[in-house]
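Descriptive structure summary
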Protein chains: 2
Amino acid sequence: MVVKRLPVYLRVLNELKDEAVDIVSSHELARRTGFSSEQIRKDLACFGALGTRGLGYRTDVLRERIRSVLGLDRTLNVVLVGAGNLGTALARYTLSRETGINLVAVFDDDPEKVGRRIEDVEIRAMADLAGVLAEQGVRVAILAVPASAAQGVTDLLVAGGVEAILNFSPAKLDGRGKAYVKNIDLAIELQSLAYYASGEAGRAGTSGA
Amino acid sequence: MVVKRLPVYLRVLNELKDEAVDIVSSHELARRTGFSSEQIRKDLACFGALGTRGLGYRTDVLRERIRSVLGLDRTLNVVLVGAGNLGTALARYTLSRETGINLVAVFDDDPEKVGRRIEDVEIRAMADLAGVLAEQGVRVAILAVPASAAQGVTDLLVAGGVEAILNFSPAKLDGRGKAYVKNIDLAIELQSLAYYASGEAGRAGTSGA
DNA sequence: AATTGTGAAACACTTCACAGCC
DNA sequence: GGCTGTGAAGTGTTTCACAATT
């Protein structure tokens, strides 16, 4: 799928911007991303011819185009639910990097945690969730709650208008036909690694999620 | 790819074990995993016919078979490099769950952190890395260091015999033909979500990594 | 000469359809 | 009747080969 590669292009384009490189070829992008040059040309062609034959692609044009396609040219308000170890780390990670993503609030149902801050974002009670979603026009959420609570929280998020959920809990979630759910299950990733370390797989630098 | 689904089956089989269910059909597995029943039968058939026609699969047999295929029937020693926010959270996560994975050590190059403990695992200096890898027969590593350090650490890990690396740093890593590298880039996942929240994508519960 | 853009071929993965079995 | 196992068809993605452009 194309969309998984776009943020990779964006990362490289940001690096190129720092290096003050104006023009880049699909071959150079291939070297830096690990994708094939043909695939890169196909990807880039699919949102309008941008390159110049014999020369390459203008980095600034490409960067803005990808940001626009991803919707990162508009501010993206995100909430995180679950302020445990993983949730807190994810919050700090999101806040610390220039990803174009604005974490507006963190929620947890533990009264002990409510009122604390992660950097300058307050941890709020679940009761406030619907209000914040509506007020801030939040359409993306990160979920880092126990599996048993995951579907319930998902339903609250969907009811509040959230359209995309990044789910770190080990549960199969139903977006109720309204939200896209992307699962990242760390236990699954670790257990998959066991397989690759057992010697069965081909040895190659593979670009995962 | 089959191997990404095996840990999902394993999770469901563990749930079924808790529920004292002895036999399960591909349809029930489909309901619980979100995969299609045909796909499940194909997956399970690929490591030997295990089901009984008209009945289903024996959960205990299936569970042991999958654990064996994944290599989880043998103890899997894992190290983690990088004890920042994310690394620490990953360490706690790995230690807190019954994943069949044994975190033997955490490494960091910050002298401030060396000597501290995460649960009962000590944070050690990078200088100790090669020794621990050899002594404990470590073949899997988790990488949560800044992008700039990632390839250097990868080379140390590969030199020490590591065969699979779960990489959380935003960098394309080269396993030098010896190690399988699986990337999980949180920034990429978040930026991809922006796309799905912009209304371009079909609305369905999608099972990601 | 170098590079993009793209139809065609190759490949991988998923779904369909149904035979075989309990 | 219900379920597994599987060849065949379908679908989506990647690679190949090369024409078109600067």
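Residue numbers here run from 1 along each chain, matching the order of that chain's written sequence. Chain letters start at A and ligand numbers start at 1, both assigned in the order the entries are written. Per-residue local features of the predicted model are confined to residues with pLDDT of at least 70, and side-chain atom pairs are confined, for both listing and counting, to 80 or more; whole-chain, interface and lining totals are unaffected and use all residues. The side-chain quantities take in all heavy atoms of the structure and omit both hydrogens and water.

**Focus on the pattern of salt bridges**
Residues and elements named next belong to chain B. The salt bridge definition used is simple: a Lys or Arg side-chain nitrogen within 4 Å of an Asp or Glu carboxyl oxygen. Taken as a whole and assessed by the stated rule, the structure comprises 32 salt bridges over all chains. Between Arg67 and Glu64 there is a salt bridge, and its shortest N-O distance comes to 3.8 Å. Here Arg67 pairs with Glu64, and both are found in helix α4 (residues 59–70), just three residues apart, close to one helical turn. Its relative accessible area of 22% is what places Arg67 among the partly exposed residues. Each residue is placed in one exposure class: buried if its accessible area under a 1.4 Å probe, protein chains only, is under 20% of its type's maximum, exposed if it is over 50%, and partly exposed if it falls in between. On the accessibility criterion, Glu64 (38% relative accessible area) is partly exposed. For Arg139, the salt bridge is made with Glu163, and the minimal N-O distance between the two is 4.0 Å. Here a strand is any run of E in DSSP of at least two residues, a helix any run of H or I of at least four, and the numbering for each starts at the N terminus.

**Let's talk about the pairing of strand β3 (residues 76–81) of chain A**
All names here are of chain A. Counting buried residues along β3, six of its six residues qualify, which places the element largely inside the surrounding structure. Burial along β3 is two-sided: Leu76, Val78 and Leu80 facing one way and Asn77, Val79 and Val81 facing the other are all buried. As defined by bridge partners, β3 adjoins strand β4 (residues 101–108) across six bridges and the pair is classed as parallel. The residue of β4 that forms the bridge with Val79 is Ala105. The parallel pair β3 and β4, bridged by helix α5 (residues 85–96), forms a crossover whose chirality is right-handed. In this description, strands pair whenever DSSP reports at least two bridges between them. In this sheet, strand β7 (residues 140–143) lies alongside β3 in parallel orientation, the contact comprising four bridges. Within the sheet, the bridge partner assigned to Leu80 lies in β7 and is Ile142. Note on handedness: a crossover is taken as right-handed if, strands pointing away from the viewer, the path from the first strand over the helix to the second is clockwise.

**A look at unusual backbone geometry**
One non-glycine residue, Glu119 of chain A, lies in positive phi territory at about 55°. Glu119 of chain A sits in the partly exposed class, given a relative accessible area of 49%. A positive phi angle, near 55°, is found at Arg176 of chain B, a position not held by glycine. Here Arg176 of chain B shows up in the loop between β9 (164–167) and β10 (180–183).

**Details of the protein's contact with DNA strand D**
Proximity criterion: a residue is near a molecule or strand once any of its heavy atoms comes within 4 Å of it. Neighbouring DNA strand D are 21 residues; Gln39 of chain A together with Ser26, Arg41, Lys42 and Tyr57 of chain B lie closest to it. Of what DNA strand D places within 4 Å of the protein, 58% of the atoms are sugar or phosphate. Whenever a nitrogen or oxygen atom comes within 3.5 Å of another N or O atom, the pair is scored as a polar contact, on the condition that within protein one atom can donate a hydrogen and the other can accept it, and that pairs from neighbouring residues in sequence are kept only if both atoms are in side chains. Here Gly51 of chain B contributes a backbone N or O atom positioned 3.2 Å from a phosphate oxygen of DNA strand D. A distance of 2.8 Å separates a phosphate oxygen of DNA strand D from a polar side-chain atom of Tyr57 of chain B. Residue assignment for the surface near DNA strand D shows that the elements contributing at least two residues are α3 (37–45) of chain A together with α2 (26–33), α3 (37–45), β2 (51–52) and β3 (56–58) of chain B. For the surface near DNA strand D, the per-class residue count stands at four nonpolar, nine polar and eight charged. Basically, the charged four are Asp, Glu, Lys and Arg, the nonpolar ten are Ala, Val, Leu, Ile, Met, Phe, Trp, Tyr, Cys and Pro, and anything else, Gly included, counts as polar.

**What to know about the packing of aromatic side chains**
Residue and element names in this part refer to chain A. Note on aromatic contacts: the rings of Phe and Tyr and the six-membered ring of Trp form a pair at centre separations within 6.5 Å, being stacked when their planes are under 30 degrees apart, edge-to-face when over 60 apart, and tilted otherwise. Evaluated as defined, the whole model comprises six aromatic pairs over all chains. Arranged with centres 5.8 Å apart and planes meeting at 90°, the rings of Tyr9 and Phe35 form a pair that is edge-to-face. Of this pair, Tyr9 sits in helix α1 (residues 6–18) while Phe35 sits in the loop between α2 (26–33) and α3, and the two are 26 residues apart along the sequence. The same class applies to Tyr9 and to Phe35, which are both buried. Relative to Tyr196, the ring of Tyr195 lies with its centre 5.4 Å away and its plane at 85°, an arrangement referred to as edge-to-face. Pair check on accessibility: Tyr195 and Tyr196 agree, each one buried.

**Thoughts on the sheet that holds β2 of chain B**
Residues and elements named next belong to chain B. Taking strand neighbours across the sheet as the criterion, the three strands line up as β1-β3-β2 in an open arrangement whose pairing is antiparallel. Each having just a single partner strand, β1 (23–24) and β2 make up the two edges of the open sheet. Two strands pair when backbone bridges link them, and β2 and β3 are joined in this way by two bridges, in the antiparallel orientation. Looking at β3, one finds that Gly51 is bridged to Tyr57.

**Describing the nonpolar core**
Grouped together as the largest cluster of nonpolar side chains are 106 residues, with contacts concentrated most on Ile66 and Val106 of chain A together with Ile66 and Val106 of chain B. Apart from the residues within four sequence positions on either side, Ile66 of chain B is in contact with Leu6, Tyr9, Leu10, Leu13 and Phe47 of chain B. We define a nonpolar core as any set of buried Ala, Val, Leu, Ile, Met, Phe, Trp, Tyr and Cys residues linked to one another through side-chain atoms lying within 4.5 Å. Working rule for contacts: check all heavy atoms of both residues, and any pair within 4.5 Å makes them a contact.

**Notes on the domain arrangement of chain A**
In this entry, domain limits derive from an automatic or database-based domain assignment. As assigned here, chain A comprises domain 1 (2–70) and domain 2 (76–188). Taking only C-alpha atoms into account, the centre of domain 1 of chain A sits 31 Å from that of domain 2 of chain A.

**Focus: the relation of the copies chain B and chain A**
The atoms used to superpose the copies are C-alpha atoms, taken from residues with pLDDT of at least 70 in both, and the fit is least squares. Screw-axis analysis of chain B against chain A gives a translation of 0.0 Å along the axis, an RMSD of 0.0 Å, and a rotation angle of 180°. In short, the pair behaves as if placed about a two-fold rotation axis.

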